[in-house]
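Coordinates in review
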Amino acid sequence: MAFEGLSERLQQTIQKIKGKGKVTEQDVKEMTREVRLALLEADVNFKVVKDFIKRIKERAVGQEVMESLTPGQQVIKVVKEELTALMGGEQSKIAVADRPPTVIMMVGLQGAGKTTTTGKLANLLRKKYNRNPMLVAADVYRPAAINQLQTLGKQLNMPVFSLGTEANPVDIAAKAVEEAKREHNDYVIVDTAGRLHVDNDLMDELQQIKASVNPDEIFLVVDAMTGQDAVNVAESFNDQLDLTGVVLTKLDGDTRGGAALSIKAVTDKPIKFAGMGEKLDELEDFHPERMASRILGMGDMLSLIEKAQENVDEKRVKELEQKMRSASFTFDDFLEQMGQVKNMGPLEDIIGMLPGANKMKGLKNIQFDEKQLVHVEAIIQSMTKKERQEPSIINANRKKRIAKGSGRTVSEVNRLLKQFEEMKKMMKQMSNMQKGKKGKGFNF
Ligand code: GDP
């Protein structure tokens, strides 16, 4: 996961100061020294680190006093606020043009994830903001880029504007905007050409496109894995094009975090979105505060809740919960519930958003094996309707049949049956306790 090293080191540092009822200047000095090293190791720009530490020192020593917090907690609050400010403070929202369409120009080096992000952004705009985007293939130097965008357009069922590889990218962009007006597409996302390095020809072309379509947003797509290089690339694109924002891709990889923590400070342009995987729904709004919270191991409950709201049918979840409490919960319900959880994305990511998750030793090293879930699904799917409703009828013969049908072993079938029974028992006890009855196994 991204930021793992940084996160671990900062949390160790925080742990030392957290419970202190009195924080001396020496404590602050030691803490900032450790924070400084952690940031440098995470490949954060050294000047950015220097300013950051200076601000923390000033604020932590001349502490604002809040009664509800211990001095140690107050220092942590300062660190979190400064980390948030470093990444841009408030979340930066995407522009909406007064007169549609809103034009977004996507720029960046080859391989950064520009084309993929064009598709993801269109998907996000539709899913979250109810928009109707058009994609524009203005990278005429790589025929594959046009095909790639057309494939994404097909997957998303969205229009892709292309004039092939012979046309001029400036014309393509201008004509696309006209077409979007006619077709009532409220966002136009222009995928421009990339190069392996920043070069003058590329910049000239991008400047011409900019002059021609006057975009509302110019997003630079940078690969977070490239660390300080990403920051240098951002600086030169910003000098030439005056970007409006940055999209950091590949934050799902084990990036050390330097780019995320330096880009805003170096370019003064906000990070607007974060790419969290290769799939079309793996682009998130970038929230500096939530990211700071995640890095400091305080969890990111807000993103978790939003993810749940976007992907889970709340009414159905309530019904399932009700069923669990009344002990009428069956394997069919279980299957459905697993589907709801799966919609939210990889389990590892979900766990990572829970507060303190990376402190729980047991959790930390578990590689969540999504295959296990597939196995469980296969076992349940091999049961008959009646068996799913009434697992108690599953005798040895039936177990053998289920194991064979799902390609699993009988002991795996046994394990699932046992787990299911235990879960039901626990639910029943919890619900009894809530009703004020005396629970059998639970003594708090
Ligand atoms: P372009 O040359 O900038 O248009 O880059 P592409 O869109 O073709 O992406 C290059 C590679 O990066 C592809 O294999 C993408 O699937 C991958 N990629 C893009 N964004 C992400 C991301 O957020 N996470 C991961 N893991 N891979 C990504």
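Conventions adopted
- Residues numbered from 1 in each chain as written.
- Predicted model: local features only at pLDDT ≥ 70, side-chain atom pairs only at ≥ 80, totals over all residues.
- Helix = DSSP H or I, 4+ residues; strand = E, 2+ residues; numbered from the N terminus.
- Buried ≥ 20, exposed ≤ 12 C-beta atoms within 10 Å, placed from the backbone.
- Contact = placed C-beta atoms within 7 Å.
- Near = placed C-beta within 6 Å.
- Nonpolar A, V, L, I, M, F, W, Y, C, P; charged D, E, K, R; others polar.
- Axes fitted to C-alpha atoms, helices over the stretch in contact; angles between N-to-C directions.
- Parallel < 35°, antiparallel > 145°, perpendicular 65-115°, else oblique.
- Left-handed = near helix turned anticlockwise from the far one by under 90°.
- Pairing = 2+ DSSP bridges.
- UniProt positions renumbered as here; feature names shortened; annotations may be inferred.
- Core = buried A, V, L, I, M, F, W, Y, C linked by C-beta atoms within 7 Å.
- Domains from an automatic or database assignment.
- Right-handed = clockwise from strand over helix to strand, strands pointing away.

Right, let's talk about the overall build of the protein for a bit. Counting its regular elements, the protein contains 20 helices and 8 strands. Buried residues in the protein amount to 38% of all 444 residues. Within the protein, counting contacts between residues at least 6 apart in sequence, those at least 24 apart form 73% of the total.

So, on to the site of the ligand. As a structural note, the neighbourhood of the ligand is formed by 17 residues, with Gly113, Lys114, Thr115, Thr116 and Gly275 the closest of them. Counting residues per element, the shell around the ligand draws most heavily on helix H5 (residues 114–129), which supplies 3 residues. Split into classes, the residues belonging to the shell around the ligand amount to 2 nonpolar, 11 polar and 4 charged.

The interhelical angle for the contact between helix H4 (residues 71–86) and helix H11 (residues 288–295), taken along N-to-C directions, is 130°, at an axis separation of 8 Å. Between H4 and H11, the interaxial angle falls into the category oblique. When you trace H4 past H11, the crossing you get is right-handed. For the pair H4 and H11, the contacting residues are Lys80, Leu83 and Thr84 in the first and Pro288, Glu289, Ala292, Ser293 and Ile295 in the second. Residue composition of the contact of H4 with H11, grouped by class: 4 nonpolar, 2 polar and 2 charged.

Taken together, the 8 strands give an open sheet; going across it, the order is E3-E2-E4-E1-E5-E6-E7-E8, and neighbouring strands pair in mixed fashion. This sheet does not close on itself; its edge strands, each paired only once, are strand E3 (160–161) and strand E8 (283–285). Taken together, the 2 bridges between strand E2 (residues 133–137) and E3 define a ladder with parallel strand orientation. In the sheet register, Leu135 faces E3, and the bridge partner there is Val160. Strand contacts of helix H7 (residues 169–183): strand E1 (102–107), E2, E3 and strand E4 (187–191), with the helix running at about 160° to E2, the strand carrying the most contacts.

The positions that UniProt labels "domain: SRP54-type proteins GTP-binding" (unreviewed entry) are, in the present scheme, residues 270–283. With 0% helix and 43% strand, residues 270–283 has its two end C-alpha atoms placed 16 Å apart.

This part is about the pairing of E4. In regular strands, side chains alternate between the two faces of the sheet. A large share of E4 lies buried, amounting to 5 of its 5 residues. Residues Tyr187, Ile189 and Asp191 line one face of E4 and the alternating positions Val188 and Val190 line the opposite face, and both faces are buried. The pairing of E1 with E4 spans 5 bridges and is parallel. Looking at E4, one finds that Met105 is bridged to Val190. Looking at chain direction, E2 and E4 are connected through 5 bridges and run parallel.

Of all 8 residues in H11, 7 are buried, a share of seventy percent or more. Considered for burial, the residues of H11 that qualify are Pro288, Arg290, Met291, Ala292, Ser293, Arg294 and Ile295. Looking one or two places after H11, you find Gly297, whose phi comes out positive at around 75°.

Further remarks concern the environment of Thr84. Note on placement: Thr84 falls in helix H4. Once the C-alpha coordinates of Thr84 and Pro288 are considered, the two residues, 204 residues apart in sequence, prove to be 5.1 Å apart. For Thr84, the residues in contact, after removing those within four places along its chain, are Gly89, Pro288, Glu289 and Ala292.

Looking now at the nonpolar core. The biggest cluster of nonpolar side chains holds 91 residues, and the ones touching the most others in it are Val136, Val188, Val190 and Val222. Residue contributions to this core peak at 6 residues, all from H4. Per-domain counts for this core show at least three residues from each of domain 1 (4–86) and domain 2 (102–298). With residues near it in sequence (within four places) discarded, Val222 still touches Gly108, Ala112, Ala230, Val233, Ala234, Val246, Leu248, Thr249 and Ala259. Judged by nonpolar contacts, the second largest core, of 10 residues, contains Phe331, Phe334, Val376 and Ile402.

Our next topic: the packing of helix H9 (residues 228–241) against helix H10 (residues 258–267). The N-to-C vectors of H9 and H10 enclose an angle of 25°; their axes lie 8 Å apart at closest approach. Taken together, H9 and H10 sit at an angle that is classed as roughly parallel. Between H9 and H10 the crossing geometry is right-handed. For the pair formed by H9 and H10, the contact residues are Gln228, Ala230, Val231, Ala234, Glu235 and Asn238 on the first element and Gly258, Ala259, Ser262, Ile263, Val266 and Thr267 on the second. Its residues assigned to classes, the contact of H9 with H10 shows 6 nonpolar, 5 polar and 1 charged.

Another point: unusual backbone geometry. Cis geometry marks the peptide bond from Pro100 to Pro101; its omega dihedral reads 5°. Note on placement: Pro101 falls in the loop between H4 and E1. Even without being a glycine, His184 presents a positive backbone phi close to 60°. Within the secondary structure layout, His184 lies in the loop between H7 and E4. Of note, Lys250 is a non-glycine position whose phi angle comes to about 65°, a positive value. Checked against the element boundaries, Lys250 lands in the loop between strand E6 (245–249) and H10.

What follows covers the pairing of strand E7 (residues 271–275). Counting buried positions along E7 gives 5 out of 5 residues, so the element sits mostly inside the fold. Judged from the 3 bridges that link them, E6 and E7 form a sheet pairing that is parallel. Residue pairing in the sheet places Leu248 in a bridge with Ala274 of E7. Viewed along the sheet, the connection from E6 through H10 into E7 turns out right-handed.

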